[in-house]
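# Structural overview for review
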Amino acid sequence: MPANTGAIPITTIKLTAIEQSKRLAAYTAVDKHILPEHKVIGIGSGSTVPYVVERIVAQGRELNKDRMFIPTGFQSKELIVMSNLNLGDVDQFPTIDVTIDGADEVDLNLNCIKGGGACHLREKVLAEAANTFILVADYRKNADYLGTNFTSGVPIEVVPFAYAKVLQNLRHVLGSPNATLRMAKAKAGPVVSDNGNFVIDAPFPREIMMDPFPIMTKIKMLTGVVEVGLFCHMAQAAYFGNEDGSVTVKRKTEFSVMEEIIQPS
Ligand SMILES: O=C(CO)[C@H](O)[C@H](O)COP(=O)(O)O
């Protein structure tokens, strides 16, 4: 099913198992983390986030009238506006109470890949600005190691004139021989991000992805790179909707990441 940007109420559509899993994750995360005292809320991108907004809208006008909602890009901006929520930006609200966002894959330690929708620069800014950063996804995104199911690689936003140089660095120096420039599907030429930049997808072998922080810093040091779609040590929790109606939660504790399963009620 195509992503619903908010124009059609999602609840009127018959959902596939995967869409139900996304909705379950989103609803559970909103119920646990978007509390009456939260006034500035970051809204991520992707096909799971419309369910986040749907659940927030269901909290009612009384709670939402005093809240500001900060988007991570064009899609979430449209969602916020179409849902009659108050639209703000991160330059007005550099401290966000809670940001909820989707993920392309999440590992054992709550590191994740983001940028499948080329929004990871703004997504990372809103994740970093947030006191609490929460991920929502269906069960396919729940992995032990990054690159398990999401094999297209780490999304890397680059300034256009530097893309060929960065590709060379990735292929010949950093160990991603199959790094490629992401091409558009319904337009000739490359994908252009909401910030006017290009996106490279760089797959790395398992041994590198088992501990993604070092490669994230190396990629980020390449001149021309704007942001890397590896979010390391940022999320407090991730919610995955499962096919059987349960929700798997990975939650950061003081010393490690704990996993629990919430059974359907
Ligand atoms: O990082 C993202 C966009 O840049 C999305 O959050 C990510 O691709 C997950 O999307 P979906 O909820 O459709 O699976």
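Here we summarise the structure given alongside this text. Keep in mind that what you see is a predicted model, and the values were worked out from it rather than measured. Residue numbers here run from 1 along each chain, matching the order of that chain's written sequence. This being a predicted model, a pLDDT of at least 70 is required before a residue's local features are given, and a value of 80 or more before pairs of side-chain atoms are given or counted; all residues contribute to the totals for chains, interfaces and linings. Values reported for side chains reflect all heavy atoms of the structure, with hydrogen atoms and water molecules removed beforehand.

### Quick notes on the sheet that holds strand β10 (residues 225–228)
For two strands to be treated as a pair, DSSP must find at least two bridges joining them. The helix and strand labels rest on DSSP assignments: H or I over at least four residues marks a helix, E over at least two residues marks a strand, and numbering proceeds from the N terminus. Ordered in space as β8-β9-β7-β10, the four strands form an open sheet in which the pairing is antiparallel. This sheet does not close on itself; its edge strands, each paired only once, are β8 (180–181) and β10. By the bridge criterion, five bridges tie strand β7 (residues 154–158) to strand β9 (residues 198–202) in an arrangement that is antiparallel. By the bridge assignment for β9, I156 is matched with I200. Across the sheet, helix α8 (residues 212–220) touches β7 and β10, and the angle it forms with β10 is around 165 degrees. Residues are treated as being in contact if the distance between any of their heavy atoms lies within 4.5 Å. In this analysis an axis means a line fitted to C-alpha atoms, helices contributing only their contacting stretch, and an angle means the value between N-to-C directions, from 0 to 180 degrees.

### A word on the site of the ligand
Surrounding the ligand, one finds 16 residues, the nearest of these being S45, S47, T48, D104 and K141. Contacts described as polar in this section are N or O atom pairs within 3.5 Å, which, within protein, must combine one atom able to donate a hydrogen with one able to accept it, while residues neighboring in sequence count only if both atoms come from side chains. Between an oxygen atom of the ligand and a main-chain N or O atom of S45, the distance comes to 2.8 Å. Here an oxygen atom of the ligand and a side-chain polar atom of S47 are 2.5 Å apart. Throughout, the ten residues Ala, Val, Leu, Ile, Met, Phe, Trp, Tyr, Cys and Pro are labelled nonpolar, Asp, Glu, Lys and Arg are labelled charged, and all others, Gly among them, are labelled polar. For the shell around the ligand, a count of residues per class yields three nonpolar, eight polar and five charged. When we say a residue is near a molecule or strand, we mean one of its heavy atoms is within 4 Å of it.

### Considering the environment of D66
Position of D66 among the secondary structure elements: in the loop between α3 (61–64) and β2 (68–71). The sequence separation of D66 and F133 amounts to 67 residues, and the corresponding C-alpha distance is 21 Å. Non-local contacts of D66, meaning those with residues more than four positions away in its chain, are made with K39 and N86.

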